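Reading the structure
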Amino acid sequence: MLYSLLASLVLCISTASSFSTLITFDVDGTLVSSSPGWEEGAHGRSFTHAVSSVLMNNEDSAGGTIPQLLEKHEFHGSTDGLILMRLARKMMGASFDKEDASSKLDLMMDTMYEFVSKCNDDEVRKGIAPLPGVIQTLETLTSHEDIAFGLVTGNVEGIARRKMHALGIFDTGALTSLSKPPRLGGRVWEGMEDKRFLGGFGSDFCSGNLDDQTRNYLDRGEQLAICVQRCMEELCHPDHQIERVIHVGDAPADILAAKNYAHHPSKPENVSVGVIGVATGSYSVEELRELCGERVEGVWEPVILDEGVGVGNMEAFISACGLKTDA
């Protein structure tokens, strides 16, 4: 009995990884392109379904899609939690009760996931596709065994897993897998238990602040902090600390979330934070570069790639990460 316990302990310690770097990816506009009709896909439709089912007794009084119901700044670059709350306020009008809606936010996210989980892959993929070259780059990154890869996205975790599977991104093997739900806020997403990977998700944190537009990136910054903490707690040897965190994204919220995390109280000491801005979404190089501010060696190290150059441009992207393609 004692021998078996000691053997299990030795196995646990010996299989703990010594990652030197954590690289996290945004999804929409970074790994995945969105085309007209995305709002009619499974994820897009799940928002109004969840609000209607949980808060309105299935009465979709406002009708319409997300782009029809919300202003672009209310959903673009935001998180699923904030979008749900803003959508509920719009759909319910004067009957909207923020406190009640907040108390049912987890239930609305569960309802979103249940809706998406019942859709086939074609419905999940509707209006979205991996950006050109992304699959090949991710497959190449799997050779870098000292680097952990995860998602930092506003998506509900179960939906992110479902989308990554349907789009073939999960099958690249690049996203660092987790064998069990993480101790920090881990949830079970029925049907996706074998698609668990490292990340910080929209279902992990929501401030509930609907009118302060800075929350679009501050909430995402909290999700990045959660991802880093999960990496340290679940994947790294107790005596080892990662040295770099790099977030990759296409939107101002990504740049500012990473910049905010560089000074986050939970950030491990002596960890360098960087961002790789990719103008493969709706924003230009100039817009992204303007938000970076000054580079501070070892603290805040931003890189903005040229217009149209992103994760799918393998050599340029891997070089921006400080890696080599022949590793």
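Residues numbered from 1 in each chain as written. Predicted model: local features only at pLDDT ≥ 70, side-chain atom pairs only at ≥ 80, totals over all residues. Heavy atoms only, no water.

The element strand 8 (residues 300-304) is extensively covered by neighbouring structure, given that four of its five residues are classed as buried. By the bridge criterion, five bridges tie strand 7 (residues 272-277) to strand 8 in an arrangement that is parallel. Bridging from a neighbouring strand, G277 pairs with I304 of strand 8. In the classification by handedness, the crossover that spans strand 7, the intervening helix 13 (residues 285-292) and the parallel strand 8 is right-handed. (Buried < 20%, exposed > 50% of the residue type's maximum accessible area, 1.4 Å probe, protein only. Helix = DSSP H or I, 4+ residues; strand = E, 2+ residues; numbered from the N terminus. Pairing = 2+ DSSP bridges. Right-handed = clockwise from strand over helix to strand, strands pointing away.)

The next subject is a negative patch on the surface. A cluster of like negative charges, contributed by E286, E287, E290, D306 and E307, occupies part of the molecular surface. Of note, E286 is situated in helix 13. Its relative accessible area of 52% is what places E286 among the exposed residues. (Patch = residues over 30% accessible without salt bridge, like charges linked within 9 Å, V, L, I, M, F, W, Y side chains within 5 Å. Areas by Shrake-Rupley, 256 points an atom, 1.4 Å probe, with all protein chains shown as cover. Salt bridge = Lys/Arg side-chain N within 4 Å of Asp/Glu carboxyl O. Lys, Arg positive; Asp, Glu negative; His and termini not counted. Charge placed at Lys NZ, Arg CZ, Asp CG, Glu CD.)

It is worth spelling out helix 2 (residues 42-55) at this point. End to end, helix 2 covers 20 Å across 14 residues, agreeing with the expected 20 Å (1.5 Å per residue, within 8%). Burial analysis of helix 2 places 11 of its 14 residues in the buried class, the great majority of the element. Of the positions making up helix 2, those classed as buried are A42, H43, G44, S46, F47, T48, A50, V51, S52, V54 and L55. Here the buried face of helix 2 lies against helix 3 (66-69), helix 5 (80-92), helix 6 (98-103), helix 7 (105-117), helix 8 (121-125) and helix 10 (157-166). One or two positions beyond helix 2, positive phi appears at N57, with a value near 50 degrees. (Expected span 1.5 Å × (residues − 1). Contact = heavy atoms within 4.5 Å.)

In this section: the packing of helix 5 against helix 7. For the pair helix 5 and helix 7, interaxial distance at closest approach is 11 Å and the crossing angle is 105 degrees. Taken together, the axis directions place helix 5 and helix 7 in an arrangement best described as roughly perpendicular. Contacts from D80, G81, L84 and M85 in helix 5 reach L105, M108, M109 and M112 in helix 7. In the contact of helix 5 with helix 7, the residues fall into six nonpolar, one polar and one charged. (Axes fitted to C-alpha atoms, helices over the stretch in contact; angles between N-to-C directions. Parallel < 35°, antiparallel > 145°, perpendicular 65-115°, else oblique. Nonpolar A, V, L, I, M, F, W, Y, C, P; charged D, E, K, R; others polar.)

Now for the environment of S117. Following the sequence through the fold, S117 ends up in helix 7. The sequence separation of S117 and A50 amounts to 67 residues, and the corresponding C-alpha distance is 13 Å. Engagement of the side chain of S117 in a polar contact is seen with the backbone oxygen of E114, the distance being 2.8 Å. (Polar contact = N/O pair within 3.5 Å; in protein donor to acceptor, adjacent residues only side chain to side chain.)

This part is about the packing of aromatic side chains. A full pass over the atoms with the stated rule returns six aromatic pairs. Between the aromatic rings of F25 and F317, the centroid separation amounts to 6.0 Å while the plane-to-plane angle is 35 degrees, which identifies the pairing as tilted. Separated by 292 residues along the polypeptide, F25 in strand 1 (residues 21-25) and F317 in helix 14 (residues 314-320) bring together distant segments of the chain. We note that F25, like F317, is buried. Consider the rings of Y113 and W189, whose centres lie 5.3 Å apart with planes at 75 degrees: the pair is edge-to-face. With Y113 in helix 7 and W189 in the loop between helix 10 and strand 5 (199-200), this pair connects stretches of sequence that are 76 residues apart. (Phe/Tyr/Trp six-rings, centres within 6.5 Å; stacked < 30°, edge-to-face > 60°.)

Looking now at the environment of H247. By the secondary structure assignment, H247 is in strand 6 (residues 244-249). The spatial distance from the C-alpha of H247 to the C-alpha of K259 is 9.7 Å, given a sequence separation of 12 residues. Setting aside residues no more than four positions away along its own chain, H247 makes contact with T24, F25, D26, V152, L224, D254, A258, G274, V275 and I276. At 3.0 Å, the side chain of H247 forms a polar contact with the side chain of D254.

Assignment of secondary structure puts V299 in the loop between helix 13 and strand 8. Of the residues examined, V299 reaches a relative accessible area of 30% and is grouped as partly exposed. Sequence spacing of V299 and K259 is 40 residues, and the spatial spacing of their C-alpha atoms is 9.6 Å. Aside from chain neighbours lying at most four places away, what touches V299 is A262, H263, S272 and V273.

If you trace the six strands from one edge of the open sheet to the other, you get 5-4-1-6-7-8, paired in parallel fashion. Each edge of the sheet is formed by a strand with only one pairing partner; in this case those strands are strand 5 and strand 8. Bridging between strand 4 (residues 147-152) and strand 5 involves two bridges; their strand directions are parallel. Bridged to L151 within strand 5 is G199.

Enumeration over the complete set of coordinates arrives at 16 salt bridges. D121 serves as the salt-bridge partner of R162, at 2.7 Å between the closest nitrogen and oxygen. Of this pair, R162 sits in helix 10 while D121 sits in helix 8; the two residues are 41 residues apart in sequence, bridging distant segments of the chain. Accessibility expressed as a relative area gives 27% for D121, which makes it partly exposed. Put simply, D26, R220 and D254 are held in one network by salt bridges that share partners.

With that out of the way, let us pick up the side chain of R162. Taking relative accessible area as the criterion, R162 reaches 8% and is therefore assigned buried. A polar side-chain atom of R162 sits 2.7 Å from a polar atom in the side chain of D121. Setting aside chain neighbours within four positions, we find R162 in contact with V116, S117, C119, N120, D121, V124 and M192.

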